Amino acid sequence: MKLKGITTATLTLALTASMIGCSSKAENSESGAAGTGSKQTTLTIMSAVQTEKPGGDIEKQIAEAYMKEHPNVKIEFMGVSMNDMYKKISVLAAANQMPDVFTNTPEFMYNVYQMNATEDLSKLLGVDYLKEFYPNVIEESSIDGKLQFIPWTSTPQALIYRGDLFEKEGLKAPETWDDFLAAAQKLTKDTNGDGKPDQWGFAMIGTRNTSGGTRFLPVLRSFGAEEVRKDANGKWVTDLDTAKAKDALQFYTDLNNKYGVVPPGVTETGFPEAASMLASGKAAMLISGPNALGTIISQNPDMKGKLYSAPIPMKEKHSATFGLLGYSISATSKNKEVAADYLKYLLNNENALKFTEATGPLPTKAQLASSPSLSAPDKAGFVKALQYAYHAPTISTYSQFYDIVAESYQVLLASNSKVTADEAMKKAAARANELIAKEGK
């Protein structure tokens with residue numbers, strides 16, 4: 001299989017060093033040899049977390065602590081948002097300008113693997129070390145037994161809701177989409193008496209990008225349809241042109257178009273805007289990963305203790321993504337051993353819990369599941385959602401399916417749209433089948 005359309009243009013990396021000394025204490029990395037000699041080593045790390053608050057700050061603090069313990073190692077970050085990450089990796093790999101370490105996910109790892117851009121971390125990190133992680137998480141991060149990236153965090157999609165508002169209205173966590181709609185309608189109201197709604201039930205992410213697509217796919221699957229799957233004969237097929245897929249799209253867009261439980265401007269509402277809506281009290285529910293908890297509370301500390309979570313409601317079944325995010329080491333890196341040592345340090349128990357408690361994403365080491373912070377109301381729904389997580393399809397063009405479904409809901413959400421759910425899904429299925437037809441060529 002070949003990845004199509006990669007540009008070979010040369011890019012100059014603009015790397016920002018995070019070199020401020022820090023006295024924060026963390027566990028020693030498993031390999032104490034890194035950075036203890038006289039040779040100066042510079043690690044370049046392309047990080048999606050650096051574009052987020054407070055995650056980027058916490059990651060820098062951990063890197064600063066590592067550099068303090070390893071004075072001959074210099075860590076330089078390049079912040080790239082997840083919406084731009086896949087394209088950036090493809091361009092840099094084609095130009096042979098990859099950083100030492102870069103953000104990777106199950107949805108994109110096959111593309112990078114085909115470009116021979118990743119080092120097998122199974123060998124670098126060691127079999128015994130990898131036993132500390134959930135086995136299915138390691139499986140989700142591997143291709144043919146070769147670990148493509150070390151899974152740093154898990155952000156399963158779940159429903160974040162204002163527990164205090166639900167309790168005030170006598171509502172329970174929605175189990176079905178009918179429950180969800182009833183709660184959203186009850187929580188959409190005029191709170192200041194001016195005759196117009198100023199609080200809405202659901203902060204829908206309606207942008208046409210990865211952020212929007214990743215939130216709609218579990219909804220689609222909860223209706224019993226899959227964007228792409230293998231049939232009984234092992235061939236890729238799509239359910240996007242089925243009645244269940246059309247029902248999912250119709251219900252999702254009706255939340256805005258028919259029921260009015262979504263704040264105005266939905267097609268321009270991305271993750272930052274939706275999180276701000278919960279932080280400001282403008283909305284009561286949001287589909288997102290646990291990273292949203294940290295984002296919301298960082299904007300409004302008064303929300304601490306008011307945010308609860310539950311699995312995404314169901315039509316036929318609950319559904320969630322693993323939402324894994326981690327780091328790969330470039331196959332062309334000249335600092336692989338040092339990079340592996342730093343990644344072990346980043347994921348040691350103390351740093352993993354520190355990052356989770358500050359930002360929300362769940363740790364991926366099995367022994368940390370019993371941590372008290374993961375049983376609190378804000379995290380408990382995400383932990384429960386993991387049992388409904390599905391493995392990302394291994395089709396090499398999978399990342400393009402986010403845009404396929406995002407185009408479908410965007411065209412229906414447009415204020416002057418006359419397109420039907422049936423028409424939108426027929427177009428989506430046609431795009432999906434084009435990608436399926438190219439697979440293996």
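This report concerns the structure included in the present document. Throughout, residues of each chain are indexed from 1 in the direction in which the sequence is written. For a predicted model such as this one, the threshold for reporting local features is a pLDDT of at least 70, and the threshold for listing and counting side-chain atom pairs is 80 or more; totals across whole chains, interfaces and linings nevertheless cover every residue. Derived side-chain values reflect all non-hydrogen atoms in the structure, with water molecules and hydrogen atoms excluded from consideration.

**Considerations on the overall build of the protein chain**
Then step 1. Runs of E in the DSSP output that reach at least two residues are strands. Runs of H or I that reach at least four are helices, and both are numbered from the N terminus. For the protein chain, the helix and strand inventory stands at 17 helices and 16 strands.
Then step 2. Put simply, the radius of gyration uses C-alpha atoms, and a globule should come to 2.2 Å times the residue count raised to 0.38. Against the compact-globule benchmark of 22 Å for 441 residues, the protein chain has a radius of gyration of 22 Å, which places it among compact chains.
Then step 3. With respect to the principal axes defined by its C-alpha atoms, the protein chain has extents near 70 × 55 × 35 Å.
Then step 4. Partly exposed residues are those whose accessible area sits between 20% and 50% of the maximum for their type, while under 20% is buried and over 50% is exposed, using a 1.4 Å probe and protein chains only. Burial analysis of the protein chain (441 residues in total) assigns 56% to the buried set.
Then step 5. The criterion used for residue contact is that any of the two residues' heavy atoms lie within 4.5 Å. The contacts of the protein chain with a sequence gap of at least 6 include a subset with a gap of at least 24, amounting to 77%.
Then step 6. The accessible surface values rely on the Shrake-Rupley method and a 1.4 Å probe; as for residues, cover is taken only from the protein chains in view. Total accessible area on the protein chain stands at roughly 18,400 Å², and carbon and sulfur atoms take up 49% of it.
Then step 7. Distance between charge centroids for the protein chain: 3 Å, based on 46 positive and 49 negative side chains. Think of it this way: Lys and Arg go in the positive column, Asp and Glu in the negative one, and His and the chain ends go nowhere. Charged side chains are reduced to one point each, which is NZ for Lys, CZ for Arg, CG for Asp and CD for Glu.

**What about the environment of P71?**
Then step 1. For P71, the location among the structural elements is in the loop between α1 (55-69) and β3 (73-79).
Then step 2. When the C-alpha positions of P71 and Q40 are compared, they lie 8.4 Å apart, and in sequence the two are 31 residues distant.

**A look at the nonpolar core**
Then step 1. With 55 residues, the main nonpolar core has F202, F216, L220, L240, L255, M285 and Y398 as its most contacted residues.
Then step 2. Aside from chain neighbours lying at most four places away, what touches L240 is L220, E226, E227, A245, I404, V405, M425, A428, A429 and A432.
Then step 3. The term nonpolar core refers to a set of buried residues drawn from Ala, Val, Leu, Ile, Met, Phe, Trp, Tyr and Cys, joined through side-chain atoms within 4.5 Å. Counting 50 residues, the second largest nonpolar core, distinct from the first, contains M46, Y66, V112 and L346.

**As for the pairing of strand β2 (residues 41-47)**
Then step 1. Among the 7 residues in β2, 6 count as buried, and that is most of the element.
Then step 2. Convention used here: a crossover is right-handed provided that the path from the first strand, over the helix, to the second strand proceeds clockwise when the strands point away from the viewer. Remark: the β2/α1/β3 crossover connection has right-handed handedness.
Then step 3. One requirement defines pairing of two strands: DSSP has to find at least two bridges between them. Here β2 pairs with strand β4 (residues 101-104) via 2 bridges, running parallel. Bridge assignment links I45 to a residue of β4, and that residue is V101.

**Examining the layout of surface pockets**
Then step 1. Roughly 950 Å³ of volume is contained in the largest pocket.
Then step 2. What lines the largest pocket is a set of 45 residues, among which E52, M82, S211, R215 and N291 lie closest to the centre.
Then step 3. For the lining of the largest pocket, the elements supplying multiple residues, two or more each, are α2 (82-94), α9 (210-222), α11 (271-279), α12 (291-299), β14 (324-329) and α14 (349-359).
Then step 4. If one sorts the elements of the lining of the largest pocket by residue count, α9 sits on top with 5 residues.
Then step 5. Of the residues belonging to the lining of the largest pocket, the class tally is 17 nonpolar, 22 polar and 6 charged. Cavities and pockets are found on a 1 Å grid laid over the protein atoms alone: a cavity is a set of points where a 1.4 Å probe fits but cannot escape, a pocket is an open set with protein on both sides within 12 Å along at least five of seven lines, and a lining residue has an atom within 4 Å of such a point. Grid points are joined across faces, edges and corners, and a volume is the space filled by probe spheres set on the points. Throughout this entry, Asp, Glu, Lys and Arg are counted as charged residues, while Ala, Val, Leu, Ile, Met, Phe, Trp, Tyr, Cys and Pro are counted as nonpolar. The remaining residues, Gly among them, count as polar.

**Description of the sheet that holds strand β8 (residues 158-162)**
Then step 1. One open sheet accounts for 3 strands, arranged β11-β8-β12; its pairing is antiparallel. Of all the strands in the sheet, the pair left with one neighbour each is β11 (285-288) and β12 (307-310). Taken pair by pair, the neighbouring strands of this sheet meet at an average axis angle of 30 degrees, ignoring direction.
Then step 2. Pairing analysis gives 4 bridges linking β8 to β12, with the strands arranged antiparallel. Lines fitted to C-alpha atoms define the axes, with helix axes restricted to the stretch in contact, and inter-axis angles between N-to-C directions lie between 0 and 180 degrees.

**Description of the packing of aromatic side chains**
Then step 1. The criterion for an aromatic pair is that two Phe, Tyr or Trp rings (for Trp, the six-membered ring) have centres within 6.5 Å, with stacked assigned to planes under 30 degrees apart, edge-to-face to planes over 60 apart and tilted to the rest. The final tally for this structure, using the stated rule, is 18 aromatic pairs.
Then step 2. Ring centres of Y398 and F401 lie 6.0 Å apart, and the angle between their planes is 25 degrees; on these two criteria the pair is classed as stacked. Across the pair, exposure class does not vary: Y398 and F401 are buried alike.
Then step 3. Put simply, the rings of W177, F180, F202, F216, F223, F251, Y252 and Y409 pair up and form one aromatic cluster.
Then step 4. Over the ring of Y390 we find R221; its NZ or CZ atom is 3.7 Å from the centre of that ring. Consider the ring centre and the ring normal. A charge sits over the ring if Lys NZ or Arg CZ is within 6 Å of that centre and within 35 degrees of that normal.

**Some details on the pattern of salt bridges**
Then step 1. Any Lys or Arg side-chain nitrogen found within 4 Å of a carboxyl oxygen on Asp or Glu counts as a salt bridge. Tallied over the entire structure, the rule returns 19 salt bridges.
Then step 2. Across the pair K53 and D57 runs a salt bridge, and its minimum N-O distance is 3.1 Å.
Then step 3. With its nearest N and O atoms 3.0 Å apart, the salt bridge here joins E407 to K427. You can see E407 sitting in helix α16 (residues 400-413) and its partner K427 sitting in helix α17 (residues 421-438), a full 20 residues away along the chain.
Then step 4. Residue classification places E407 among the buried residues on the basis of a relative accessible area of 15%.
Then step 5. Among the ionic contacts, a cluster of salt bridges with common partners joins R208, D403, E407, K427 and R431.

**Focus on the packing of α1 against helix α13 (residues 336-346)**
Then step 1. Between α1 and α13, whose axes approach to 10 Å, the crossing angle comes to 125 degrees. Between α1 and α13, the angle is such that the two are oblique. Once α1 is placed against α13, the crossing between them reads as right-handed. On α13, the residues that touch E59, I62, A63, A65, Y66 and E69 of α1 are V338, D341, Y342, Y345 and L346.
Then step 2. Grouping the constituent residues of the contact of α1 with α13 by class yields 8 nonpolar, no polar and 3 charged. Reported orientations rely on four angle classes, namely roughly parallel under 35 degrees, roughly antiparallel over 145, roughly perpendicular from 65 to 115, and oblique for the rest. In this scheme the handedness of a crossing depends on how the near helix is turned from the far one: anticlockwise by less than a right angle means left-handed, clockwise means right-handed.

**Brief notes about α14**
Then step 1. Every buried residue of α14 is accounted for by N351, A352, F355, T356 and T359. The buried residues of α14 occupy one face: seen down the axis, they fall within an arc of 130 degrees.
Then step 2. The elements touched by buried residues of α14 are α1, β7 (150-154), α12, α13, β15 (362-363) and α15 (377-385).
Then step 3. Positive backbone phi, approximately 115 degrees, marks G360, located one or two places after α14. Directions pointing from the helix axis toward each C-beta atom define the arc.

**Quick word on α2**
Then step 1. Across its 13 residues, α2 extends 19 Å between first and last C-alpha, which sits within 8% of the 18 Å expected from 1.5 Å per residue.
Then step 2. Where α2 is concerned, the buried positions are M82, M85, Y86, I89, S90, V91, L92 and A93.
Then step 3. A positive backbone phi angle near 55 degrees is found at N96, which sits one or two residues after α2. Multiplying one less than the number of residues by 1.5 Å gives the expected span of a helix.

**Let's talk about the side chain of N291**
Then step 1. Tracing the sequence through the fold places N291 in helix α12.
Then step 2. Aside from chain neighbours lying at most four places away, what touches N291 is T155, F271, T359, G360 and P361.

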